[in-house]
2 protein chains.
Amino acid sequence: MIDEIRGPLEKIHRGVQGALAITLMGMDGLPVDTLHPNPSDHEDMDVSSLVVEYSSLLSQVRNSAQMFAAGGLEELSISSEHLTMIIRPVNEEYFLALALTPSANFGKGRYLLRVLAPTLAGALS
Amino acid sequence: MIDEIRGPLEKIHRGVQGALAITLMGMDGLPVDTLHPNPSDHEDMDVSSLVVEYSSLLSQVRNSAQMFAAGGLEELSISSEHLTMIIRPVNEEYFLALALTPSANFGKGRYLLRVLAPTLAGALS
């Protein structure tokens, strides 16, 4: 199963210039698989902890969206001075989180998460 | 002062096809000005309440980003099945929130918020 997951993660990581890390994580904050090739490039920033921290917002955002009839949550993105994070639920239990440099191709990142999420959902089921 | 605020809000609203509403709001959830021309187009969805609800996430996200050295928060976007919301802090006390249909031009919305936020920061100071 791990290859079916590692493959799409590598596609996303290689496909976006400026990708720092990509992780497939459970809603409980436990990672299934992570690509984080050069942690030293951003040593002051704790990308992994930030993913876990942001993931705790996911259920909150999801509930709000449903409460106000905006429908199911498809994507959450957070841009800060030194890092952009795009988070996309894969199914009820797992989500993808892609960390990018601020100058990375945001649109390409969103696109790859969107097209590869169903592949990962299939691998997890 | 209200014209200096209404002007940029109209520019954003007119500039993005698929814009449902744009609001300049205090971090406390009180709106300064809102353009919400056709509420009947999305009568099942309570866009205004959703903005207030999401705004409560802002300070949380901001604190997390700073804690993990990602720097100041620049943008938060939330895409759901029936609505996309882009939120951008204008200064310490106010933020812009743009509600879009899912098929609207997301990139154009982000761009207009980014370039007009400084104008609004000037009008508020």
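Look up: the structure comes first, before these words.
If you're wondering where the values come from, they're calculated on a predicted model, not measured in any experiment. (Residues numbered from 1 in each chain as written. Chains lettered and ligands numbered in written order. Predicted model: local features only at pLDDT ≥ 70, side-chain atom pairs only at ≥ 80, totals over all residues. Heavy atoms only, no water.)

K.L.:
Looking at this structure, how should I read the pairing of strand E3 (residues 73–80) of chain B?
P.N.:
Within a regular beta strand, the side chains point alternately toward one face of the sheet and then the other, so they alternate between its two faces. Of all eight residues in E3 of chain B, seven are buried, a share of seventy percent or more. Relative to E3 of chain B, strand E3 (residues 73–80) of chain A runs antiparallel, the two sharing seven bridges. In the sheet register, Ser 77 of chain A faces E3 of chain B, and the bridge partner there is Ser 77 of chain B. One ladder, built from four bridges, connects E3 of chain B with strand E4 (residues 84–89) of chain B; its direction is antiparallel. Bridge assignment links Leu 76 of chain B to a residue of E4 of chain B, and that residue is Ile 87 of chain B. Joining the antiparallel neighbours E3 of chain B and E4 of chain B is a turn of three residues. (Buried < 20%, exposed > 50% of the residue type's maximum accessible area, 1.4 Å probe, protein only. Helix = DSSP H or I, 4+ residues; strand = E, 2+ residues; numbered from the N terminus. Pairing = 2+ DSSP bridges.)

K.L.:
For this particular structure, what's the right way to read helix H3 (residues 106–124) of chain A?
P.N.:
Given 3.6 residues per turn, any residue in an α-helix points the same way as the ones three and four places further on. Between its first and last C-alpha atoms H3 of chain A spans 26 Å; for 19 residues at 1.5 Å apiece the expected length is 27 Å, and the two agree. In H3 of chain A, a bend of some 35° at Leu 116 of chain A exceeds every other bend along the element, and Pro 118 of chain A, a proline, comes one to four places later. Here H3 of chain A has its buried residues at Phe 106, Gly 109, Leu 112, Leu 113, Leu 116, Ala 117, Leu 120, Ala 123 and Leu 124 of chain A. Those residues of H3 of chain A hidden inside the fold are in contact with helix H1 (2–15), strand E1 (19–26), E3, strand E4 (84–89) and strand E5 (94–100) of chain A together with helix H3 (106–124) of chain B. (Expected span 1.5 Å × (residues − 1). Bend = angle between axes of the 7 residues up to and from the residue. Contact = heavy atoms within 4.5 Å.)

K.L.:
Would you explain unusual backbone geometry in this entry?
P.N.:
Comment: phi is negative for the bulk of residues other than glycine, and the bulk of peptide bonds are trans. For Ala 69 of chain A, which is not a glycine, the phi torsion comes out positive at approximately 65°. Along the chain, the position of Ala 69 of chain A falls in the loop between helix H2 (47–67) and E3.

K.L.:
Please clarify how the relation of the copies chain A and chain B should be interpreted in this entry.
P.N.:
These two copies of the chain differ by a rotation about an axis and a displacement along the same axis. Between chain A and chain B, the superposition needs a rotation of 180° and an axial shift of 0.0 Å, giving an RMSD of 0.0 Å. The superposition operator between the copies reduces to a two-fold rotation axis. Residues of chain A ranked by C-alpha distance from the rotation axis are headed by Ser 77 of chain A, positioned 2.5 Å from it. Interface residue correspondence from chain A to chain B reaches 100%, placing this contact among same-surface, isologous pairings. (Least-squares fit on C-alpha atoms with pLDDT ≥ 70 in both.)

K.L.:
Help me out: how do you make sense of the nonpolar core in this one?
P.N.:
Side chains that are nonpolar tend, in soluble globular proteins, to be buried together. Among the nonpolar cores identified, the biggest contains 46 residues, and Tyr 54, Leu 83 and Met 85 of chain A together with Tyr 54, Leu 83 and Met 85 of chain B are the most heavily contacted of them. Every residue in contact with Met 85 of chain A, bar those within four places of it in the chain, is listed here: Val 47, Leu 50, Val 51, Tyr 54, Leu 76, Ser 77, Ile 78, Ala 97, Leu 98 and Ala 99 of chain A. If you look at the next biggest cluster of nonpolar residues, it comprises 44 residues, including Ala 104 and Phe 106 of chain A together with Ile 22 and Leu 113 of chain B. (Core = buried A, V, L, I, M, F, W, Y, C linked by side-chain atoms within 4.5 Å.)

K.L.:
I'm lost on the packing of aromatic side chains in this one. Help?
P.N.:
Within a pair of aromatic rings, the relevant descriptors are the distance that separates the centres and the angle that separates the planes. With the rule as written, the count across this model stands at one aromatic pair over all chains. Centre to centre, the rings of Phe 106 of chain A and Phe 106 of chain B are 6.1 Å apart; their planes meet at 10°, and the pair counts as stacked. Residue Phe 106 of chain A is found in helix H3, and its partner Phe 106 of chain B is found in helix H3; the two belong to separate chains. Across the pair, Phe 106 of chain B and Phe 106 of chain A agree in class, each one buried. Directly above the ring of Phe 106 of chain B sits Arg 110 of chain A, whose terminal nitrogen or CZ lies 3.8 Å from the centroid. (Phe/Tyr/Trp six-rings, centres within 6.5 Å; stacked < 30°, edge-to-face > 60°. Lys NZ or Arg CZ within 6 Å of the ring centre and 35° of its normal.)

K.L.:
Please explain the interface of chain A and chain B as it appears in this structure.
P.N.:
One widely used convention gives an interface's size as the accessible area the parts lose upon coming together. The partner chain B presents 31 residues to the 31 residues of chain A that form the contact. Counting each side, the surface lost to burial between chain A and chain B is near 2600 Å², with a carbon and sulfur contribution of 58%. The largest contributions to the chain A side of the interface with chain B come from Phe 68, Ala 70 and Ser 79 of chain A, which together make up 21% of the buried area. Linking chain A with chain B are zero salt bridges. Seen at the junction of chain A and chain B, the total is 14 residue pairs in polar contact (both at pLDDT 80 or more). Of all the elements in the fold, those that place two or more residues in the side of chain A that touches chain B are H2, E3 and H3 of chain A. Within the side of chain A that touches chain B, the residues separate by chemical class into 15 nonpolar, nine polar and seven charged. (Buried area = accessible area lost by both parts, 1.4 Å probe. Salt bridge = Lys/Arg side-chain N within 4 Å of Asp/Glu carboxyl O. Polar contact = N/O pair within 3.5 Å; in protein donor to acceptor, adjacent residues only side chain to side chain. Nonpolar A, V, L, I, M, F, W, Y, C, P; charged D, E, K, R; others polar.)

K.L.:
Mind showing me how you'd approach the sheet that holds E5 of chain A here?
P.N.:
Sheet strands line up and pair through hydrogen bonds in the backbone, either parallel or antiparallel. Read across the open sheet, the ten strands follow the order E2(A)-E1(A)-E5(A)-E4(A)-E3(A)-E3(B)-E4(B)-E5(B)-E1(B)-E2(B); overall the sheet is antiparallel. The open sheet has two edge strands with one neighbour each: strand E2 (31–35) of chain A together with strand E2 (31–35) of chain B. Averaged over all pairs of adjacent strands, the angle between their axes in this sheet comes to 10°, without regard to strand direction. Direction of pairing for strand E1 (residues 19–26) of chain B relative to E2 of chain B: antiparallel, over a ladder of four bridges. Directly across from Thr 23 of chain B, in E2 of chain B, lies its bridge partner Thr 34 of chain B. Of the strands in this sheet, E1, E2 and E5 of chain A touch H1 of chain A, which is tilted by about 40° from E2 of chain A. Sitting on the sheet, H3 of chain A touches E1, E3, E4 and E5 of chain A together with E3 of chain B, and the angle it makes with E4 of chain A is about 30°. (Axes fitted to C-alpha atoms, helices over the stretch in contact; angles between N-to-C directions.)

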